[in-house]
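Observations on chain architecture
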Amino acid sequence: MKKKLIAGNWKMNGSLAANQALVRAVVDGLHGAACQAAVCVPAPYLAQVQALRQGSALELGAQDVSRHEQGAYTGEVSAPMLKEFGVRYAIVGHSERRQYHGETDETVAEKAKAALAHGITPIVCVGETLAEREGGYTEEVVKRQLAAVVHANGPCISEVVVAYEPVWAIGTGRTATPEQAQQVHAVLRAQLRAATTHADRVAILYGGSMNAANAASLLAQPDIDGGLIGGASLKSADFLQIIAAAG
Ligand code: PEP
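Residues numbered from 1 in each chain as written. Predicted model: local features only at pLDDT ≥ 70, side-chain atom pairs only at ≥ 80, totals over all residues. Heavy atoms only, no water.

**Considering the site of the ligand**
The ligand sits among 14 residues. The nearest are K11, E165, G171, S209 and G230. N9 has a polar side-chain atom sitting 3.3 Å from an oxygen atom of the ligand. The separation between an oxygen atom of the ligand and a polar side-chain atom of E165 is 2.7 Å. For the ligand, whose unbound accessible area comes to 290 Å², protein coverage reaches 95%. In terms of residue class, the shell around the ligand is built from 4 nonpolar, 8 polar and 2 charged. (Near = heavy atom within 4 Å. Polar contact = N/O pair within 3.5 Å; in protein donor to acceptor, adjacent residues only side chain to side chain. Areas by Shrake-Rupley, 256 points an atom, 1.4 Å probe, with all protein chains shown as cover. Nonpolar A, V, L, I, M, F, W, Y, C, P; charged D, E, K, R; others polar.)

**Some thoughts on the pattern of salt bridges**
If you walk through the whole model with that rule in mind, you get 15 salt bridges. Between D64 and K111 there is a salt bridge; the shortest N-O distance is 2.8 Å. Taken together, the residues D64 in the loop between β3 (58-62) and α3 (79-84) and K111 in helix α5 (residues 105-117) connect sequence positions 47 residues apart. Here the salt bridges do not stand alone but share partners, grouping K2, R189, D223 and D225 into one network. (Salt bridge = Lys/Arg side-chain N within 4 Å of Asp/Glu carboxyl O. Helix = DSSP H or I, 4+ residues; strand = E, 2+ residues; numbered from the N terminus.)

**Quick word on the nonpolar core**
The nonpolar side chains of a soluble globular protein tend to be buried with one another. Counting residues in hydrophobic clusters, the biggest one holds 63 residues, and the most contacted among them are I6, V162, L188 and Y206. L5, I91, I123 and A203 belong to the second largest nonpolar core, which has 13 residues in total. (Core = buried A, V, L, I, M, F, W, Y, C linked by side-chain atoms within 4.5 Å. Buried < 20%, exposed > 50% of the residue type's maximum accessible area, 1.4 Å probe, protein only.)

**Notes on the sheet that holds strand β4 (residues 89-92)**
Whether parallel or antiparallel, the strands of a sheet pair through hydrogen bonds between backbone atoms. With respect to topology, 8 strands assemble into a closed barrel ordered β1-β2-β3-β4-β5-β6-β7-β8, the strand pairing being parallel. Here the strands of the sheet are splayed against their neighbours by 25 degrees on average, with no regard to which way each runs. Examined bridge by bridge, strand β7 (residues 204-207) and strand β8 (residues 226-229) share 2 bridges and lie parallel to one another. Along β8, the bridge assignment pairs Y206 with G227. Relative to strand β5 (residues 121-126), α5 is tilted by about 165 degrees, and along the sheet it contacts β4 and β5. Taken strand by strand, helix α10 (residues 236-245) contacts β1 (5-9), β2 (36-40) and β8, and its axis lies near 160 degrees from that of β1. (Pairing = 2+ DSSP bridges. Axes fitted to C-alpha atoms, helices over the stretch in contact; angles between N-to-C directions. Contact = heavy atoms within 4.5 Å.)

**Concerning the side chain of Q191**
Of note, Q191 is situated in helix α8 (residues 178-195). Looking at Q191, its side chain comes within polar contact range of the main-chain oxygen of K143, at 2.9 Å. Filtering out sequence-adjacent residues up to four positions away, Q191 remains in contact with V142, K143, L146 and A147.

**Considerations on helix α7 (residues 138-153)**
The first and last C-alpha atoms of α7 sit 23 Å apart over 16 residues, in line with the 22 Å expected at 1.5 Å per residue. Within α7 the residues assigned to the buried category are T138, V141, V142, Q145, L146, A148, V149, V150 and N153. Next to the buried residues of α7 lie α4 (95-100), α5, β5, α6 (130-134), β6 (161-164) and α8. Just beyond α7, the residue with positive phi is G154, at close to 50 degrees. (Expected span 1.5 Å × (residues − 1).)

**What to know about the environment of S15**
Here S15 lies in the loop between β1 and α1 (16-29). Side-chain polar atoms of S15 contact the backbone nitrogen of A18, separated by 3.0 Å.

**Some points on the state of the cysteines**
Where two cysteines share a covalent bond between their sulfur atoms, that bond is called a disulfide. Following the criterion strictly, the structure yields 0 disulfides and no others. In this structure C40 is a free cysteine whose sulfur lies 8.9 Å from that of C125, the closest cysteine sulfur available. The exposure class of C40 is buried, given its relative accessible area of 0%. Left without a disulfide partner, C156 is nearest to the cysteine sulfur of C125, which lies 19 Å away. (Disulfide = S-S within 2.5 Å.)

Given below as structure tokens:
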């Protein structure tokens, strides 16, 4: 059985002092964990967290990656740069980037491709808005978002991590029920099966107000292979409880 993956998304939070306390506590509490764990941190803190996690099983992630290799792209960070800091995962297509930075399905697919080309595993986020869910478009939306990534990456799609993050559940305290999440995860798994014979290898994470209290029931679903955790990843005790629930 593949290990579950619990990845924290710090978003635009942290400070040198706060990161030190948080990562030290997570690393200390991680001993013996049965799942994989990662933290996706703001780019300026990559070097700090890389040093703090040295010698532990905690993996390092970025929250975005440029689709370009290098050049005149002010403000962007490339996959080769991330790689130099020991980055293992990069979130791509988070709904906050789709919403506030105009990222399209095609941009997200190219970012996933750039990450893979440099040995970084993209965590490809898909998810519907509340209006889309209420309009009955959930499956159509997530399938369209994933299809772009499949199209751009061909057989390499078996190397990505997918995160189903209903937009209405992110940071709202409103979580998809385990049944609602499983239903969408099964749709995504079927789509991956049509694209690769290695679909069962792909971890499909759930994200959206996952916390210490609801993690176990979500993680018990057959197609939920882990979690992408926002708010609760900023508190070591909560993050460690979610990691324990994934064991
Ligand atoms: C996220 O930002 O990816 C996320 C899931 O946030 P939260 O857990 O705070 O809903």
